[in-house]
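What follows is the residue order along each chain.
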Amino acid sequence: SVKQDSERVTADFSHIRDSLETLHRMVDSLRAQAPGLGEYMTTIQLHTAKLWFAAEASNWKLARYELDELAETMEAAESLHARPNDVDVSMVLRGVRLSQVPLLRQSFDRKSFREFSDAYKQTLAACNGCHRPAGYEFIHIVPPTREPVTNQQWSVRRP
């Protein structure tokens, strides 16, 4: 009957509405747990510091590992689509990832700390160039002067 069909449709819609409300609560909960731009940037900063010391010690395998971790973190941060002060941070990160990361990789292939240092400083300049217009001019990243962690060996151990 039409009345039964109508009741079934109403019940189905009610079930769908309840399911959507549950889904929205779950998504909100996941969003609250997800890292924000600041957490990603802190992780990026740590990887760039570790990258410096690995390259300085000519530990090119470790440098490559840290660069891969850096690129992975940058890609994750891109997914936030953050726009502080209308600066598209995702596009800046993508640009750095696609232009600077390959230059850093090339320096590893050549085992050239001089080339690495030049590419590294260009990378930091790109980062700092985004900080200013995004409203974070007080964050200015420089090459590290001491190791970010003390429980890691930077040089390659010879057997």
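Before reading on, note that the structure itself is shown above.
Residues numbered from 1 in each chain as written. Predicted model: local features only at pLDDT ≥ 70, side-chain atom pairs only at ≥ 80, totals over all residues. Heavy atoms only, no water.

> Could you give an account of the nonpolar core, naming the residues involved and the relevant values?
With 31 residues, the main nonpolar core has Leu51, Leu67, Leu104, Phe108, Phe116 and Tyr120 as its most contacted residues. Looking at this core, the elements that each hand over two or more residues are helix H2 (37-56), helix H3 (60-78), helix H4 (89-110) and helix H5 (113-134). Here this core takes eight residues from H2, the largest share from any one element. With residues near it in sequence (within four places) discarded, Leu104 still touches Leu51, Leu67, Phe116, Ala119, Tyr120 and Thr123. (Core = buried A, V, L, I, M, F, W, Y, C linked by side-chain atoms within 4.5 Å. Buried < 20%, exposed > 50% of the residue type's maximum accessible area, 1.4 Å probe, protein only. Helix = DSSP H or I, 4+ residues; strand = E, 2+ residues; numbered from the N terminus. Contact = heavy atoms within 4.5 Å.)

> Quick one: what's the story with the packing of H3 against H4, residue by residue and with numbers?
Axis separation between H3 and H4 bottoms out at 10 Å; the angle between their running directions is 170 degrees. By the angle between their axes, H3 is roughly antiparallel relative to H4. In this structure, H3 uses Trp60, Ala63, Arg64, Leu67, Asp68, Ala71, Met74, Glu75, Ala77 and Glu78 to contact H4, whose residues at the interface are Ser90, Leu93, Arg94, Val96, Arg97, Val101, Leu104, Arg105, Ser107, Phe108 and Asp109. (Axes fitted to C-alpha atoms, helices over the stretch in contact; angles between N-to-C directions. Parallel < 35°, antiparallel > 145°, perpendicular 65-115°, else oblique.)

> Outline the packing of H2 against H4, listing residues and values.
The geometry of H2 relative to H4 is characterised by a closest axis approach of 14 Å and an angle of 10 degrees between their N-to-C directions. Between H2 and H4, the angle falls in the class roughly parallel. Our pair here, H2 against H4, has a crossing hand that is left-handed. Of the residues in H4, those in contact with Leu37, Met41, Ile44 and Leu51 of H2 are Val89, Leu93, Leu104 and Phe108. For the contact of H2 with H4, a count of residues per class yields eight nonpolar, no polar and no charged. (Left-handed = near helix turned anticlockwise from the far one by under 90°. Nonpolar A, V, L, I, M, F, W, Y, C, P; charged D, E, K, R; others polar.)

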